[in-house]
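# Understanding the architecture of this molecule
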Amino acid sequence: MKLLRRRISASIFRSPFLVVTILALGTLFALATAACGSDEKSTSGGNASPSASVKKVSGAISGDGSSTVFPITEAVAEEFKKVQPDVNVTVGISGTGGGFKKFCNGETDFSDASRPIKDEEKQACAAKTIDYVEFQIGFDGLSIITNPSNDFVDCLTTAELKAIWSPDSKVNNWKDVRAGFPDKALKLYGPGTDSGTFDYFTEVINGTAKSSRSDYTASEDDNVLVQGIEGDNGGLGYFGFAYYEENASKLKLLGVDSGSGCIEPARDTILANTYKPLSRPLFVYVKKTALQRPEVTEFIRYFLTDGRPLIDEVGYVQSPDDVYQKDLAKLQ
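So, how was this worked out
- Residues numbered from 1 in each chain as written.
- Predicted model: local features only at pLDDT ≥ 70, side-chain atom pairs only at ≥ 80, totals over all residues.
- Heavy atoms only, no water.
- Helix = DSSP H or I, 4+ residues; strand = E, 2+ residues; numbered from the N terminus.
- Buried < 20%, exposed > 50% of the residue type's maximum accessible area, 1.4 Å probe, protein only.
- Lys, Arg positive; Asp, Glu negative; His and termini not counted.
- Salt bridge = Lys/Arg side-chain N within 4 Å of Asp/Glu carboxyl O.
- Contact = heavy atoms within 4.5 Å.
- Expected span 1.5 Å × (residues − 1).
- Core = buried A, V, L, I, M, F, W, Y, C linked by side-chain atoms within 4.5 Å.
- Arc of directions from axis to C-beta.
- Pairing = 2+ DSSP bridges.
- Axes fitted to C-alpha atoms, helices over the stretch in contact; angles between N-to-C directions.
- Disulfide = S-S within 2.5 Å.
- Phe/Tyr/Trp six-rings, centres within 6.5 Å; stacked < 30°, edge-to-face > 60°.
- Lys NZ or Arg CZ within 6 Å of the ring centre and 35° of its normal.

The next thing to look at is the side chain of Lys 287. Here Lys 287 is to be found in strand 12 (residues 279-287). Here Lys 287 occupies a buried position and makes no salt bridge, while the nearest side chain of opposite charge, Asp 109, is found at 4.5 Å. Beyond its immediate sequence surroundings of up to four residues, Lys 287 is in contact with Phe 103, Gly 106, Thr 108, Asp 109, Ile 130, Asp 131 and Tyr 132.

See the structure below:
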């Protein structure tokens, strides 16, 4: 239509016959365009924009939890605000465990989690009569990171990671990790004990969740860990893949060998689960009573439809389509 408008000169409108002809053609063109638009809407499926089919809502939504999931939720909340300007979504970072404490105490509408909810957390929610729905929103590859000046290691085995991070570890120098490594002090950085990343890493590497040495720089804020490793040429740590991608110029990513060769986290290796054992699903838990409010339902619907590309944009991996379809069915 824009092309048609650009080609019509002011002189054409001096002819009444041409004016009538052009108006008729324009009407036919508009009707054809509307018909095409109708066909597109009917065939767009579950990824149709909520703004095209949902009435405007208003209200406030509160969430907290995983620092790993936070970049996804923050990005979705920002874009959702453009569609629903009268809805305010606030998201905190207390770690997965800290988020569940607030969630099960009735302080938040949803909780970001980098691991499934634990039995004791389920019991805490039940004690407060808080029912919830679990949504799997994507995948992460928990990443092993060192300082960019480190030129002697590109990959660590899961056995070496366990030797470094186990509760009784005395490894404080790189030379004690592997023969041939230099005599250089090893400084460790990792998530705090309220983090789901901490729970997952310790379980798959050390064999028991929360089983870890304690003499390391700990924080629920992954940006603190990034800054620590960046400023320490003997540093080593772990956190979510998105934080590495965001700071790739400041850090060095290591591969992990679990017995089948060295594999680095990337979107294909994470989704295919060939990056073992550090690929993991990510979740958002939402109170059922909160889902009775239209602003919460529309936010989660947006998360699972138009918000999905943001998961890739911030450095994580979307779940398969059938997972999102199952999640959308939970909103009915």
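Think of an α-helix as 3.6 residues a turn; residues three or four steps apart then line up on the same face. Taking 1.5 Å per residue, 14 residues should reach 20 Å; helix 4 (residues 70-83) reaches 20 Å between its end C-alpha atoms and fits that length. Within helix 4 the residues assigned to the buried category are Phe 70, Pro 71, Ile 72, Thr 73, Ala 75, Val 76, Ala 77, Phe 80 and Val 83.

This part is about the nonpolar core. The biggest cluster of nonpolar side chains holds 48 residues, and the ones touching the most others in it are Phe 135, Ile 137, Phe 239, Val 286 and Phe 299. Considering every element that reaches this core, the biggest residue donor is helix 4, with seven residues. Sequence-distant contacts of Ile 137, that is, excluding residues within four places in its chain, are made with Val 69, Ile 72, Leu 282, Phe 283, Val 284, Phe 303, Leu 304, Ile 311, Ser 319 and Tyr 324. Listed in part, the 24 residues of the second largest apolar core include Leu 142, Val 153, Leu 161 and Leu 186.

Listed as buried for helix 7 (residues 158-165) are Glu 160, Leu 161, Ile 164 and Trp 165. In an axial view of helix 7, the angular spread of the buried residues amounts to 120°, which keeps them on one side of the axis. Buried residues along helix 7 sit in contact with strand 5 (143-146), strand 6 (155-157), strand 7 (187-190), helix 8 (196-206), strand 9 (235-239) and strand 10 (252-257).

What follows concerns the sheet that holds strand 2 (residues 87-91). With respect to topology, five strands assemble into an open sheet ordered 2-1-3-12-4, the strand pairing being mixed. The open sheet has two edge strands with one neighbour each: strand 2 and strand 4 (132-141). In this sheet, neighbouring strand axes are inclined to one another by 20° on average, regardless of whether the strands run parallel or antiparallel. Where helix 4 meets the sheet, its contacts fall on strand 2, strand 3 (110-113), strand 4 and strand 12, and the angle it forms with strand 2 comes to roughly 165°.

We now examine the state of the cysteines. What we call a disulfide is simply a covalent bond connecting the sulfur atoms of a pair of cysteines. All told, the structure shown has two disulfides when counted by the stated rule. What pairs with Cys 104 in a disulfide is Cys 125, and their sulfur atoms sit 2.0 Å apart. In this structure the cystine formed by Cys 104 and Cys 125 twists about its S-S bond by roughly -70°; its chirality is therefore left-handed. Here Cys 104, found in helix 5 (residues 95-104), pairs with Cys 125, found in helix 6 (residues 119-127); they are 21 residues apart in sequence, far enough to count as distant. Of the two residues examined, Cys 104 and Cys 125, each falls in the buried class. Residue pairing for Cys 155: its cysteine sulfur links by disulfide to Cys 262, the two sulfurs lying 2.3 Å apart. Here the disulfide of Cys 155 and Cys 262 is right-handed, its torsion about the S-S bond being about 120°. Placement of Cys 155 in strand 6 and of Cys 262 in strand 11 (residues 262-263) is noted, with a sequence separation of 107 residues between them. On the accessibility criterion, Cys 155 (15% relative accessible area) is buried. Numbered by order of appearance in the sequence, the disulfide-linked cysteines of the protein chain pair as 1-2, 3-4.

The relative placement of two aromatic rings is captured by the distance of their centres and the angle of their planes. Counted by the stated rule, this structure contains 16 aromatic pairs. With centroids separated by 5.3 Å and ring planes inclined at 65°, the aromatic side chains of Phe 80 and Phe 299 adopt a geometry described as edge-to-face. Of this pair, Phe 80 sits in helix 4 while Phe 299 sits in helix 12 (residues 294-304); the two residues are 219 residues apart in sequence, bridging distant segments of the chain. Phe 80 sits in the buried class, given a relative accessible area of 1%. With a centroid separation of 3.8 Å and an interplanar angle of 15°, the aromatic rings of Phe 201 and Tyr 238 are classed as stacked. Here the residue Phe 201 occupies a position in helix 8, and Tyr 238 occupies one in strand 9, the gap between them amounting to 37 residues. The exposure classification of Phe 201 matches that of Tyr 238, with both residues buried. An aromatic cluster is present here, built from Phe 80, Phe 110, Phe 299, Tyr 302 and Phe 303 joined pairwise through their rings. The ring of Phe 135 has Lys 330 lying over it, and the distance from NZ or CZ to the ring centre is 5.8 Å.

A word on the pairing of strand 4. Each regular strand displays side chains that alternate between the two surfaces of the sheet. For strand 4, the tally of buried residues reaches eight of ten residues, placing the bulk of the element in the interior. Alignment of strand 4 against strand 12, held across nine bridges, turns out to be antiparallel. Note that in strand 12 the partner of Gly 141 across the bridge is Ser 279.

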